[in-house]
Amino acid sequence: MKIDRVELREIQMPLVHFFETSFGRTTTRRIVLVRVDAEGLQGWGEVTAGEQPFYSHETSETAWYVLRDFLIPWVIGKQWTSPSQVGARFRPIRGHNMAKAALENALWVIEAQQRGIPLAKLIGGTLEEIPCGVSIGIQDSVEELLERIAREVSAGYQRIKVKVKPGWDINVLDRIRAEFPRIALMADANSAYTLADLEHLKQFDRFYLMMVEQPLGWDDIIDHARLQKEISTPICLDESIRCADDARKAIEISACKIINLKLGRVGGLTSARQVHDVCRARNTPVWCGGMLESGVGRAYNIAMSALPGFTLPGDVSASRRYWAEDIIDHEVTVTPQGTIHVSQAPGLGYEPSLERIEKVTVRKEVFG
Ligand code: OSB
Ligand code: MG
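Keep in mind the model is a prediction, meaning the values are calculated, not measured. (Residues numbered from 1 in each chain as written. Chains lettered and ligands numbered in written order. Predicted model: local features only at pLDDT ≥ 70, side-chain atom pairs only at ≥ 80, totals over all residues. Heavy atoms only, no water.)

Caption draft 1: Broad picture of helix α6 (residues 170-179). All buried positions along α6 are accounted for by Ile170, Val172, Leu173, Ile176 and Arg177. Buried residues in α6, looked at end-on, bunch into an arc of 160°, giving them a common side. Lining the buried residues of α6 we find α5 (142-155), β6 (160-163), β7 (185-188) and α7 (198-202). (Buried < 20%, exposed > 50% of the residue type's maximum accessible area, 1.4 Å probe, protein only. Helix = DSSP H or I, 4+ residues; strand = E, 2+ residues; numbered from the N terminus. Arc of directions from axis to C-beta. Contact = heavy atoms within 4.5 Å.)

Caption draft 2: Main features of unusual backbone geometry. Backbone torsion omega between Asp329 and His330 reads -20°, so that peptide bond is classified as cis. Tracing the backbone through its elements, the reader meets His330 in the loop between β12 (328-329) and β13 (339-341). Notably, Asn190 is not glycine yet its phi reads approximately 45°, a positive angle. Structurally, the position occupied by Asn190 is in the loop between β7 and α7. The residue Leu292 is not glycine, and still its phi comes out positive at about 55°. One can find Leu292 in the loop between β11 (286-288) and α11 (295-304).

Caption draft 3: The arrangement of the coordination of the magnesium ion (ligand 2) in detail. Around the magnesium ion (ligand 2), the protein supplies Asp188 (OD), Glu213 (OE) and Asp238 (OD) as donor atoms, at distances of 2.1 to 2.3 Å. Counting the intervening residues between successive donors of the magnesium ion (ligand 2) yields the motif D-x24-E-x24-D. One end of the pair, Asp188, is in strand β7; the other, Glu213, is in strand β8 (residues 212-213), with 25 residues separating them in the sequence. Each of the two residues, Asp188 as well as Glu213, counts as buried. (Donors = N, O, S within 2.8 Å, 3.2 Å for Na, K, Ca; no water.)

Caption draft 4: View of the pattern of salt bridges. Evaluation of the coordinates by the stated rule reveals 33 salt bridges. Between Lys262 and Asp238 there is a salt bridge, with the nearest N and O atoms lying 2.8 Å from each other. Separated by 24 residues along the polypeptide, Lys262 in the loop between β10 (258-261) and α10 (269-281) and Asp238 in the loop between β9 (235-237) and α9 (244-252) bring together distant segments of the chain. Counted as one network, the salt bridges with shared partners bring together Arg159, Lys161, Lys163, Asp188, Glu213 and Asp315. (Salt bridge = Lys/Arg side-chain N within 4 Å of Asp/Glu carboxyl O.)

This is the structure we're talking about:
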C-alpha cells in the first residue's frame, strides 16, 4: 500500500473524573491522533503517551516530534507491502514505541478495510466478546473509593483494579476487603516501591489479590524476580515489558506470572502479537491494559483483546467512564455481564467522528 497523506492532530478533552496514580493526577487529556490516507482509504491511530514523562519517557509532545521529524517522512509517498514492514522500518529509532504504534496501527486498519474484514480477525483474534475490568485511581478519601467500587461492581465489571502507593495501600485494601470480601481485586503500584519495602509488600498477601501490578522499578525485572520469591500474590508486569524479548526474559527468570499488554507501550500490533505469542507459548496469561484512551485507542484495545491469550479481564471499559462525549460512533458500551462485544464490521469497528474530532482539535499538521 502507498501512503499518500498523513495528518497529525492534538486533541484536548477533560476526563469525566480525574485519574490519580502513584505518579500524579490527570484531569484533562492531551491526545495525539494520526490519520493516514492510503489508496483511497483512511485509518486513524492514537498515541497513548501521557502528558508528562511519568509513566514512561514518552509524552504527547515527544510523540509529535518523533512522528513529524522521523516516522512520517520515512514512510510517506512510499509503497509498503504490510504494516509490519513499516514497523520494521521504524527499528533504527530506539524507544518511542507509542509514536510508532499510532502510525503502524492505522495501517492495520487500512489493510482490514481493504480485505473487508474486522481488525480483530485480521490480527488473528478469535473471541467475540471480551471480559472487562476497571482501573480506579487514588481518590480524595477511602469512602469515595468504596463508593466507586460499589458502582462499578453493580455495573457488572468482572474485576476491580485499584491504584496503590505508600500511605494508600494496606489501610485501603483492608477497608475494601471488609466491604467487598469476594470481588476479584488487584492493585497497581506503578513502581511506587523498592525492595527495601519487602516486609511491607508481604502484607499484600493477606488480601488474596488476583495480582499486584508493577510494584518495583519501571525498568526492572531482577528485583521483581526477587520479590516474587517472597510473596504469594502473583506479580504482573506493565512498564517493564516493551517487546517480546522483555516478556521472554521476565518469564524465564520468574519476575512475573502475568503480563499487562499495552499496544502503545510495545510499539503497535505487530509487536503486541509477538508479546502475546511469547506469553501464550509459556502459559503466561495476558490482559489488555489501558492508557485513558479516546474511543480510537479503545477500539484498538478491543480488537487486540480478541486474541486467544487474553484470558483475564482487561482495563478496557465503557467510553462514558472517561468522556462526556467520545470521538467515535458508536461509543464503547459494556454489557451488564461486564463484557464488550467485539465489532464484526470491517476495519476498526468504530467510526471516528470527524465533526467531534474537529471540535476538540487544538493543533493540526498535514504531510504529503
Ligand atoms: O498503569 O495501567 C496503568 C492509566 C494511565 C497510565 C498508566 C496506567 C493507567 C491505568 C488506567 O491504570 C487504565 C484505563 O482505565 O485506561
Ligand atoms: Mg499499570
